[in-house]
Amino acid sequence: MKRKKMEKEVVHLLEWIIEYPGVRQIVCNPDGKETSPESFKMAYDMLVKKSLFYLIPVLFATHPGEESLEMAKNLCTTDSAAREIRKKGRNPKNCKC
């Protein structure tokens, strides 16, 4: 990564931390507290929305256990399916699955 791009990414991350301290708390989990599936999913969705993809492994690493592994599998499958639908030009909102 070039220096200017890295600097821009650091600024983006710091702005996100300031704007969403509660989500950062869930992602980093410094207290080691359990997180509800809803909070976990909200944090995951926020990372995707804000293009902070490199923090997704941190989220999963700080919330170990069977439930988060199952959630990771489901999220990856869902995201993968949505990307495939978008790529093929279909609107996932119209899907009657």
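Residues numbered from 1 in each chain as written. Predicted model: local features only at pLDDT ≥ 70, side-chain atom pairs only at ≥ 80, totals over all residues. Heavy atoms only, no water.

Here we take up the environment of Trp-16. In this structure, Trp-16 sits in helix H1 (residues 3-19). On the basis of relative accessibility, which here comes to 3%, the residue Trp-16 falls in the buried class. Taking the C-alpha atoms as reference points, Trp-16 and Met-46, separated by 30 residues in sequence, lie 9.9 Å from one another. Beyond its immediate sequence surroundings of up to four residues, Trp-16 is in contact with Val-23, Arg-24, Val-27, Met-46, Leu-47, Lys-50, Leu-52 and Leu-55. (Helix = DSSP H or I, 4+ residues; strand = E, 2+ residues; numbered from the N terminus. Buried < 20%, exposed > 50% of the residue type's maximum accessible area, 1.4 Å probe, protein only. Contact = heavy atoms within 4.5 Å.)

Grouped together as the largest cluster of nonpolar side chains are 14 residues, with contacts concentrated most on Trp-16, Val-23, Val-27, Ala-43, Leu-47, Leu-55 and Leu-59. For this core, the secondary structure elements donating two or more residues are helix H2 (21-28), helix H3 (37-49) and helix H4 (56-61). When residues in this core are grouped by element, the largest group, five residues, is from H3. Ignoring sequence-local partners within four residues, the contact set of Leu-47 consists of Trp-16, Val-27, Leu-52, Phe-53, Leu-55, Ile-56 and Leu-59. (Core = buried A, V, L, I, M, F, W, Y, C linked by side-chain atoms within 4.5 Å.)

Now for the pattern of salt bridges. On inspection of all chains with the given rule, the structure shows two salt bridges. Its salt-bridge partner being Glu-7, residue Arg-3 comes within 3.1 Å of it at the nearest N-O pair. Taken together, the residues span about one helical turn, with Arg-3 and Glu-7 both in helix H1 at a distance of four residues. Asp-45 is the partner of Lys-41 in a salt bridge, and the nearest nitrogen-oxygen pair spans 2.9 Å. Taken together, the residues Lys-41 and Asp-45, both in helix H3 and four residues apart, mark about one turn of the helix. Given a relative accessible area of 34%, Asp-45 falls into the partly exposed group. (Salt bridge = Lys/Arg side-chain N within 4 Å of Asp/Glu carboxyl O.)

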